[in-house]
Amino acid sequence: MRERLALAVLALTLALLVGLAAIFAFRHNPPEPPPPPAPESATQSADAPPATTTTPPAATEEQASPLPFTDHGARLYADQRCAACHAVAGAGNPRFPLDGVGVRLNEGDLLHGILGTGPLAERLSPVVVRRKERYRSLSEDDLAALVKYLGQLR
């Protein structure tokens, strides 16, 4: 009888641990939102002939980005999966929210925060500094767009 009770308690404890681990994993790794619909479909009329050629998004972005600078920064924020460590407007990892960061930091400090360099690097753990090293491969335009986006979070 005692053995069965002990096994039941063990099974319930394991089930509770697995359930809590699943909840933790889901909260800290939320599913990525679907991409926004293409703006071309909204602007085509029923009488207009369909477009015959399309350029891939990468080529369009290099030639002339149709998005405003800050939208490019928001897209970079999503593409670089910044929400795995940070949250904006409650979306993402709530441990390090970026709401109001544009008020607290100037553009130079924001850039140092993204890259894990400068005076802000002293406040970051070595693990975080190593993770931020990958952002150093972004182009200057991409970094500027990301800084501009973060600067507008008030």
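Quick caveat, the model's predicted, so the values are computed rather than measured.

Reading the values: rules and limits
Residues numbered from 1 in each chain as written. Predicted model: local features only at pLDDT ≥ 70, side-chain atom pairs only at ≥ 80, totals over all residues. Heavy atoms only, no water. Helix = DSSP H or I, 4+ residues; strand = E, 2+ residues; numbered from the N terminus. Buried < 20%, exposed > 50% of the residue type's maximum accessible area, 1.4 Å probe, protein only. Phe/Tyr/Trp six-rings, centres within 6.5 Å; stacked < 30°, edge-to-face > 60°. Core = buried A, V, L, I, M, F, W, Y, C linked by side-chain atoms within 4.5 Å. Contact = heavy atoms within 4.5 Å. Expected span 1.5 Å × (residues − 1). pLDDT = per-residue confidence, 0-100. Axes fitted to C-alpha atoms, helices over the stretch in contact; angles between N-to-C directions. Left-handed = near helix turned anticlockwise from the far one by under 90°. Nonpolar A, V, L, I, M, F, W, Y, C, P; charged D, E, K, R; others polar. Disulfide = S-S within 2.5 Å.

Caption draft 1: Molecular detail of the environment of Glu107. Along the chain, Glu107 turns up in helix α6 (residues 107-115). Glu107 gets classed as exposed once you look at its relative accessible area, which sits at 51%. Distance from Glu107 to Leu150, taken between C-alpha atoms, is 8.7 Å for residues 43 residues apart in sequence.

Caption draft 2: Broad picture of the packing of aromatic side chains. Evaluated as defined, the whole model comprises one aromatic pair. When the centroid spacing of 5.7 Å and the interplanar angle of 50° are considered together, the rings of Tyr77 and Tyr149 count as tilted. Of the two residues, Tyr77 is situated in helix α4 (residues 69-79) and Tyr149 in helix α9 (residues 140-151); the sequence distance between them amounts to 72 residues. By the burial criterion, Tyr77 is buried, and Tyr149 matches it.

Caption draft 3: Local environment of the nonpolar core. Of all hydrophobic cores here, the largest spans 18 residues; its most connected members are Tyr77, Leu98, Ile114, Leu150 and Leu153. Where this core is concerned, the elements lending two or more residues are α4, α6 and α9. It is α9 that provides the largest number of residues to this core, a total of six residues. In this structure, Leu98 is in contact with Tyr77, His86, Ala87, Val88, Leu150 and Leu153, ignoring residues within four places of it in sequence.

Caption draft 4: Just α9, in detail. An ideal rise of 1.5 Å per residue puts 16 Å on twelve residues; α9 measures up with 16 Å between its terminal C-alpha atoms. Along α9, the positions that sit buried rather than exposed are Asp142, Leu143, Ala145, Leu146, Val147, Tyr149, Leu150 and Gly151.

Caption draft 5: Examining the confidence of the model for the protein more closely. Per-residue pLDDT for the protein averages 79, and the proportion of residues at 70 or more is 73%. Under a pLDDT of 50 for its full length, residues 52-67 has, in the predicted model, eight contacts with residues more than four places off or in other chains.

Caption draft 6: Region of the structure containing the packing of α6 against α9. Taken N-terminus to C-terminus, the directions of α6 and α9 make an angle of 115°; their axes are 9 Å apart at the nearest point. Considering only the axes of α6 and α9, their crossing is right-handed. On α9, the residues touching Glu107, Leu110, Leu111, Ile114 and Leu115 of α6 are Leu143, Leu146, Val147, Leu150 and Gly151. Residues that form the contact of α6 with α9 fall into these classes: eight nonpolar, one polar and one charged.

Caption draft 7: Region of interest: the state of the cysteines. For the structure shown, the criterion picks out zero disulfides. Its sulfur unpaired, Cys82 is 8.2 Å from the next cysteine sulfur, which belongs to Cys85. You can call Cys85 partly exposed: its relative accessible area is 30%.

Caption draft 8: Representation of the environment of Asp99. Tracing the backbone shows Asp99 in the loop between β2 (91-92) and α5 (101-104). Residues Asp99 and Gly151, 52 residues apart in the sequence, show an inter-C-alpha distance of 10.0 Å. Here Asp99 is in contact with Ala87, Val88, Ala89, Gly90 and Arg104, once residues within four sequence places are set aside.

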